[in-house]
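Examining the three-dimensional arrangement
Here's the letter readout for the chains.
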Amino acid sequence: MTPNREEIVQEELMLNLGPQHPSTHGVFRMVLDLQGETIVGVTPYMGYLHRGFEKLAERRTAIQYQPYPDRWDYLAAMFDEMAYIGAGEALLGIQAPRRAQVLRGIVMELNRFASHLLWLGTFLLDVGALSPFLYTFREREMVLDLLMELTGARLTYAYMRFGGVHHDAEDVWLKKVRAGIPYFRQRLSEYRTLIDDNEIFRRRVEHIGIIDGTHALHYGLSGPMLRASGVPWDLRWKRPYGIYAEIPPRIITDLAGDTYARYKVRVEEMAVSLDLLEIFLDLVESGPIMASVPKVVKFPKQETYFAVEGPRGELGVYLVGNGTAYAQRMKIRPPSLFNLQVLSQLLIGHMVSDAVAILGSIDIVLGEVDR
Amino acid sequence: MRIKQISRGFLKGLQVTGIHLFRRPVTHPYPEQRAYTPPRFRGIHRLIVEDCVVCRACERVCPVNCLTISGVRGDNRRFILEQFDIDYSLCMFCDLCVEACPPHCLVMGPEFEIAAENRHSLRRSLLSQPKEEMV
Ligand code: SF4
Ligand code: SF4
């Protein structure tokens, strides 16, 4: 009674992934259309974490809004702060003193390192490797402890202010950061021994989710996603802000454009972050950490766009002032959201198990996607 | 060939595991061992009641309006604090109130355990803080 192969009716299967699935990195939901094991269609649903941060900027004074950017992308809060504060400073025409600029550079690179560590752990968890997750979290905890000593909080730092930074770094803290760098380098090479040439990992991630440079640009990708497709675009040096203007460029690219290339770019960026940290630590000089800022900050009737290179890509803030302490309008350009647009392009034609790996390699943070 | 590669990866993994086997654990058993809180840690607020001039700068700057403050004028024209409540279901520990306080009498301490049985008990008065908790 077994029907022969031609008679089996092949139906499309609809598979719902998320919003509470651990491998969708937050509350992201996608509905996959499957033909057997192959993905033929993807419908993403987002907005589960929408908290209206753009609207809130119109209802809070500039000073009051300062702790809010931390909540956009809670894994790399320093960059959100820098984007908002940078946009505000551009409107107000303030420039932070040099020591504050260097401190901002240090905390941002520390934060990038922590963010990439978390990404590395969860990405490997997605492809089925459990132990690197524990190792990367151990190191991330140390970075978070450093940031907590400086700012007072582990994730929502509220560290940057219009015209400077909130707390000054003590020499002890700077020494601690410096002492940490060789340790982190060593750990990084430990991960690489473990992962880089692992046959199982390579077979899971190589040649899947490929996007070439032209397409990547058309989709508006940025950050490691774009650089893994061979486009040397890094805002830190292409449109320098703060202290980065003085640093020789170190842009990591890879030509392959697949999931493995994205892994490699991010891991090498972690090493670059550590190098930059060392450079910044040498640049620290004594001086004030706050410029003189009016007590009541009022945005002039102008508009500005300010973008920083976050761990996920170009994080921009478009800010319109109206002469009061409130913003007329604020728009965030979240890199995760733009990088996520390419998802269906990457997924179609691959297997279900690859979907998780590819989604992991995009490195989305839903707090930022949904805002 | 492939067997060789896979077993090489496996051995490398075992090697790293082996190294870790003899390292000290990095986790802390939390309730028995206190969590690490550096001096700048932003935990539950503390108020030096005598120094507060009831200027309400903290109340005005708070982005979520979670402070309720009232005071009466005392004999020497100084304000005396009657009520100083913080609603911890709203507070986001942002430090803005501490920054705004002119006499620096509002600080944030190392306590972070604010779990409560219901919403109303999250509203705490800073006036009735036990003295030994204060720095
Ligand atoms: S820490 Fe922030 S949210 Fe909490 S009371 Fe102070 S200003 Fe308000
Ligand atoms: S800002 Fe300081 S002095 Fe003024 S009411 Fe608040 S706690 Fe009291």
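Residues numbered from 1 in each chain as written. Chains lettered and ligands numbered in written order. Predicted model: local features only at pLDDT ≥ 70, side-chain atom pairs only at ≥ 80, totals over all residues. Heavy atoms only, no water.

The name recorded for chain B in an unreviewed UniProt entry is NADH-quinone oxidoreductase subunit I, from Sulfobacillus thermotolerans. Taken from UniProt, the Catalytic activity (unreviewed entry) comment for chain B reads in full: "a quinone + NADH + 5 H(+)(in) = a quinol + NAD(+) + 4 H(+)(out)". (UniProt positions renumbered as here; feature names shortened; annotations may be inferred.)

In the annotation of an unreviewed UniProt entry, chain A is listed under the name NADH-quinone oxidoreductase subunit D and assigned to Sulfobacillus thermotolerans. Looking at chain A in UniProt, the text filed under Subunit (unreviewed entry) is "NDH-1 is composed of 14 different subunits. Subunits NuoB, C, D, E, F, and G constitute the peripheral sector of the complex." Here is the UniProt Sequence similarities (unreviewed entry) comment for chain A, exactly as written: "Belongs to the complex I 49 kDa subunit family."

1. Things to note about the UniProt feature "domain: NADH-quinone oxidoreductase subunit D" (unreviewed entry) in chain A
As annotated by UniProt and renumbered to match this structure, "domain: NADH-quinone oxidoreductase subunit D" (unreviewed entry) occupies residues 126–297 of chain A. Here residues 126–297 of chain A runs as 54% helix and 2% strand, with 45 Å between its end C-alpha atoms. (Helix = DSSP H or I, 4+ residues; strand = E, 2+ residues; numbered from the N terminus.)

2. Points about the confidence of the model for chain B
Residue and element names in this part refer to chain B. Considering every residue of chain B, the mean pLDDT works out to 80; 93% of them sit at 70 or more. Averaged pLDDT values for the elements of chain B fall to 76 in helix α1 (residues 2–21) and rise to 87 in helix α3 (residues 96–100). Predicted confidence is poor over residues 131–135, with pLDDT under 50, and the contacts of this stretch with residues over four places away or in other chains come to eight contacts. For this predicted complex, the interface score ipTM comes out at 0.78, alongside a pTM of 0.86. (pLDDT = per-residue confidence, 0-100. Contact = heavy atoms within 4.5 Å.)

3. Comments concerning the packing of aromatic side chains
Residues and elements named next belong to chain A. Taken as a whole and judged by the stated rule, the model has 20 aromatic pairs over all chains. Taking 4.9 Å as the distance between ring centres and 10 degrees as the angle between the ring planes, the aromatic pair formed by W119 and F123 counts as stacked. A residue pair is termed a helical-turn pair when its members lie 3 or 4 positions apart in one helix, as W119 and F123 do in helix α4 (residues 98–126) at four residues. Taken together, F53, Y65, Y68, Y84, F162 and F299 form an aromatic cluster joined through their ring pairs. Above the ring of F137, the side-chain terminus of R140 is found at 5.5 Å from the ring centroid. (Phe/Tyr/Trp six-rings, centres within 6.5 Å; stacked < 30°, edge-to-face > 60°. Lys NZ or Arg CZ within 6 Å of the ring centre and 35° of its normal.)

4. A word on the interface of chain B and chain A
In this assembly, 26 residues from chain B lie in contact with 33 residues from chain A. Across the chain B/chain A interface, buried area totals approximately 2,500 Å², and carbon plus sulfur atoms make up 54% of it. Connecting chain B to chain A are two salt bridges. We note a salt bridge from A:R161 to B:E99, for which the minimum N-O separation is 2.9 Å. Remark: the boundary between chain B and chain A carries 15 residue pairs in polar contact (both at pLDDT 80 or more). No other element matches the nine residues that α1(B) contributes to the side of chain B that touches chain A. Its residues assigned to classes, the side of chain B that touches chain A shows 13 nonpolar, five polar and eight charged. (Buried area = accessible area lost by both parts, 1.4 Å probe. Salt bridge = Lys/Arg side-chain N within 4 Å of Asp/Glu carboxyl O. Polar contact = N/O pair within 3.5 Å; in protein donor to acceptor, adjacent residues only side chain to side chain. Nonpolar A, V, L, I, M, F, W, Y, C, P; charged D, E, K, R; others polar.)

5. Structural notes on the nonpolar core
Counting residues in hydrophobic clusters, the biggest one holds 120 residues, and the most contacted among them are A:Y84, A:I106 and A:W173. Top element by residues in this core is α4(A). It accounts for 14 residues. Other than its neighbours up to four places away in sequence, A:W173 contacts A:I106, A:V107, A:L110, A:L146, A:E149 and A:L150. B:C66, B:I86, B:Y88 and B:F93 belong to the second-largest nonpolar core, a separate cluster that totals 24 residues. (Core = buried A, V, L, I, M, F, W, Y, C linked by side-chain atoms within 4.5 Å. Buried < 20%, exposed > 50% of the residue type's maximum accessible area, 1.4 Å probe, protein only.)

6. Describing the site of ligand 2
As a matter of local geometry, ligand 2 sits amid 13 residues, with B:C52, B:C55, B:R56, B:C58 and B:C101 nearest to it. When the residues that make up the shell around ligand 2 are grouped by side-chain class, the tally is twelve nonpolar, no polar and one charged. (Near = heavy atom within 4 Å.)

7. Examining unusual backbone geometry
Residue and element names in this part refer to chain A. The phi torsion at A158 lies on the positive side, around 50 degrees, for a residue other than glycine. Structurally, A158 is set in the loop between α5 (131–151) and β4 (160–161). You will see that D363, though not glycine, has its phi angle at about 60 degrees, which is positive. Among the structural elements, D363 can be located in the loop between α14 (352–362) and α15 (366–370).

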